[in-house]
Amino acid sequence: MIEFQAVSKRYPDGTVAVDELTLTAEERQVTVLVGPSGCGKTTSLRMINRMIDASSGEIRLAGENITDRDPAQLRRGIGYVIQHAGLFPHRSVLDNIATVPLLTGATRRAARARASELLETVGLPAELGKRYPKQLSGGQQQRVGVARALAADPPVLLMDEPFSAVDPIVREDLQDELLRLQSELGKTIVFVTHDIDEAVKLGDKVAVLRVGGKLAQFDTPAALLAAPVDDFVSSFIGRDRGYRALGFLDGQQIPLGPVSTVPLGIAAAEARGKLSRAGWAVVVDEGNRPLGWISSDILAAKGDSAIAESDLVSGGSLYEVDSESAGTAGSLRNALDAALSSPSAWGIAVDHSGAVVGGVDAASVIEALAAARRSGEVPT
Ligand SMILES: Nc1ncnc2c1ncn2[C@@H]1O[C@H](COP(=O)(O)OP(=O)(O)OP(=O)(O)O)[C@@H](O)[C@H]1O
């Protein structure tokens, strides 16, 4: 656990970068510091490993004031990942990852073995170990940066805009990977970003800072989206917050309705009798997994021939009712998106094997939201 108690940082030129910051980053959780440029995020992060010393206040790590610790020894328990990975350009990937174990007395062989293991942990193929950083993509370099920070198995990980320099798709992959890693490793992570979407996706708790280094709000992502404390926070959170807040509400209370399904290859005449009242059916494979939609109009044009894949209208997103993956799967947002993106306006609900278990429409998602509000599950 990392506790900031009334911590301030005033630089020699008089700039107050952090002003009386008080917050606790809980053990084994991801705490995100987010806010506009210059609000003191990096300064706050670097005070934790004493790359910057606070001007006043106290930071306690596992109950101990960090100023009582030797900075070098303190940093051995704290991994640090930065934008552009900060890799040594003239060392191979494996040697980059092995840096800290070598410094702390591991043999070359043990350090390299640990480095290979970590390459796999962060999802990189072993053969990349021999390359130099510039021979990797930006996303791969960031993964190596994470592996290097994990090499000494530190309980605490500080991450300063680690994914900002990569394109949005790679960035999402890296975020998903971090969530997966975190569910296995359970580090105490403090993560800095200026991107509110990244903050609410990754954070167990999110601290929104305003310029001048003042804490505006410290809350769970769900509470932040549902009830921003003031205009600054709500404008920083931005558009669509009502929709994004649905991502934190479990869809389990939505009643699933029946969905008409027909197997691929069935004769059009037979399928006609199985359409829903609105004139649609989901075509499924032998595992009852959805392949696409068929409508009365399409069937009318088919006469008596069998339904082929080329006849299908592609479906929208799927509502994954019992997904264990990180992210918004299984949430009201997932359900609403499935309904809104479906050609029939009826979202397909699937189980963990991808098989159809029912359908969901937008109205029942809205009703589930209203029920969550009545029960106080949604902060107001
Ligand atoms: N060494 C320094 N001397 C004087 N002022 C500094 C110094 N380092 C940072 N600052 C100022 O302190 C404030 C906070 O800087 P910091 O880098 O912590 O912000 P940040 O929120 O991480 O910003 P960004 O998102 O742009 O990286 C800014 O006004 C910055 O200009």
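Residues numbered from 1 in each chain as written. Predicted model: local features only at pLDDT ≥ 70, side-chain atom pairs only at ≥ 80, totals over all residues.

- Looking at an unreviewed UniProt entry, one finds the protein chain named ABC transporter ATP-binding protein, with Actinokineospora guangxiensis as its source organism.

## Remarks on the overall build of the protein chain
Next up, step 1: Along the backbone of the protein chain there are 15 helices and 16 strands.
Next up, step 2: Considered along the principal axes of its C-alpha atoms, the protein chain spans approximately 80 × 50 × 30 Å.
Next up, step 3: By residue count, 40% of the 380 residues in the protein chain fall in the buried class. (Helix = DSSP H or I, 4+ residues; strand = E, 2+ residues; numbered from the N terminus. Buried ≥ 20, exposed ≤ 12 C-beta atoms within 10 Å, placed from the backbone.)

## A few points about the packing of helix α6 (residues 138-150) against helix α7 (residues 168-185)
Next up, step 1: Running from amino to carboxyl end, α6 crosses α7 at an angle of 25°, the nearest separation of the two axes being 10 Å. By the angle between their directions, the pair α6 and α7 is classed as roughly parallel. In this structure, the crossing between α6 and α7 has a hand that is right-handed. In this structure, α6 contributes G138, G139 and Q142 to the contact, and α7 contributes V170, D173 and L174.
Next up, step 2: For the contact of α6 with α7, the class distribution of residues is 2 nonpolar, 3 polar and 1 charged. (Axes fitted to C-alpha atoms, helices over the stretch in contact; angles between N-to-C directions. Parallel < 35°, antiparallel > 145°, perpendicular 65-115°, else oblique. Left-handed = near helix turned anticlockwise from the far one by under 90°. Contact = placed C-beta atoms within 7 Å. Nonpolar A, V, L, I, M, F, W, Y, C, P; charged D, E, K, R; others polar.)

## Let's talk about the sheet that holds strand β7 (residues 156-160)
Next up, step 1: Taken together, the 6 strands give an open sheet; going across it, the order is β6-β7-β8-β3-β9-β10, and neighbouring strands pair in mixed fashion. Looking along the sheet, the strands with just one partner apiece sit at the ends: β6 (78-82) and β10 (214-219). The sheet shows a mean angle of 15° between the axes of neighbouring strands, direction not considered.
Next up, step 2: As defined by bridge partners, strand β9 (residues 205-210) adjoins β10 across 5 bridges and the pair is classed as antiparallel. The residue bridging R210 from the neighbouring strand is K214, located in β10.
Next up, step 3: Packed on one face of the sheet, helix α1 (residues 41-48) meets β3 (30-34), β6, β7, β8 (188-193) and β9 and runs near 155° to β8. (Pairing = 2+ DSSP bridges.)

## Notes on helix α15 (residues 362-374)
Next up, step 1: With 13 residues, α15 should cover 18 Å at 1.5 Å per step; its first-to-last C-alpha distance of 19 Å lies within 8% of that length.
Next up, step 2: Among all positions in α15, only S364, V365, A368 and L369 are buried. Down the axis of α15, the buried set is contained in an arc of 150°. They therefore lie on one face. Of the residues in α15, the exposed ones pointing more than 90 degrees away from the buried face are A363, A370 and R374.
Next up, step 3: Positive phi appears at G376, one or two residues downstream of α15, with a value of about 85°. (Expected span 1.5 Å × (residues − 1). Arc of directions from axis to C-beta.)

## Observations concerning unusual backbone geometry
Next up, step 1: The backbone of R28 shows a phi angle near 60°, a positive value even though the residue is not glycine.
Next up, step 2: Mapped onto the elements of the fold, R28 is located in the loop between β2 (16-25) and β3.
Next up, step 3: One non-glycine residue with positive phi stands out, namely E161, at about 45°.
Next up, step 4: Positionally, E161 belongs in the loop between β7 and α7.
Next up, step 5: Exposure remark for E161: the 19 C-beta atoms within 10 Å place this residue in the partly exposed category.

## So, the confidence of the model for the protein chain
Next up, step 1: With 98% of its residues at a pLDDT of 70 or more, the protein chain has an overall mean of 90.
Next up, step 2: Our summary of model confidence lists the complex with pTM equal to 0.81 and ipTM equal to 0.96. (pLDDT = per-residue confidence, 0-100.)

## Thoughts on the environment of R171
Next up, step 1: Relative to the assigned elements, R171 resides in helix α7.
Next up, step 2: As for R171 and W293, which are separated by 122 residues in sequence, their C-alpha atoms are 32 Å apart.
Next up, step 3: In this structure, R171 is in contact with F163 and V166, ignoring residues within four places of it in sequence.

## Some remarks on the site of the ligand
Next up, step 1: Contacts to the ligand come from 13 residues, most closely from Y11, A17, S37, T42 and T43.
Next up, step 2: Examining the composition of the shell around the ligand, we find that 3 residues originate from one element, α1, more than from any other.
Next up, step 3: Its residues placed into classes, the shell around the ligand shows 3 nonpolar, 8 polar and 2 charged. (Near = placed C-beta within 6 Å.)

## Details of the pairing of strand β16 (residues 356-360)
Next up, step 1: Sheet analysis places strand β15 (residues 347-350) next to β16, joined by 4 bridges and oriented antiparallel. In the sheet register, G347 faces β16, and the bridge partner there is V360.
Next up, step 2: Linking β15 to β16, which pair antiparallel, is a turn of 5 residues; within it G354 sits at a positive phi near 90°.

## Observations concerning α7
Next up, step 1: The end-to-end C-alpha distance of α7 is 25 Å, a good match for the 26 Å that 18 residues give at a rise of 1.5 Å each.
Next up, step 2: Here α7 has its buried residues at R171, L174 and L178. Seen end-on, α7 carries its buried residues on one side only, within an arc spanning 60°. With respect to the buried face of α7, the exposed residues turned more than 90 degrees away are I169, S183 and E184.
Next up, step 3: Taken together, the buried residues of α7 touch α6 and α8 (196-202).
Next up, step 4: Residue G186 follows α7 closely and has a positive phi angle near 60°.

## A short note on the domain arrangement of the protein chain
Next up, step 1: For the protein chain, the assigned domains read domain 1 (2-246) and domain 2 (252-374).
Next up, step 2: Inter-centroid distance (C-alpha atoms) of domain 1 to domain 2 is 40 Å.
Next up, step 3: At the interface, 5 residues of domain 1 touch 7 residues of domain 2.
Next up, step 4: By residue number, the principal contributor to the side of domain 1 that touches domain 2 is α7, which donates 3 residues.
Next up, step 5: Of the residues belonging to the side of domain 1 that touches domain 2, the class tally is 3 nonpolar, no polar and 2 charged. (Domains from an automatic or database assignment.)

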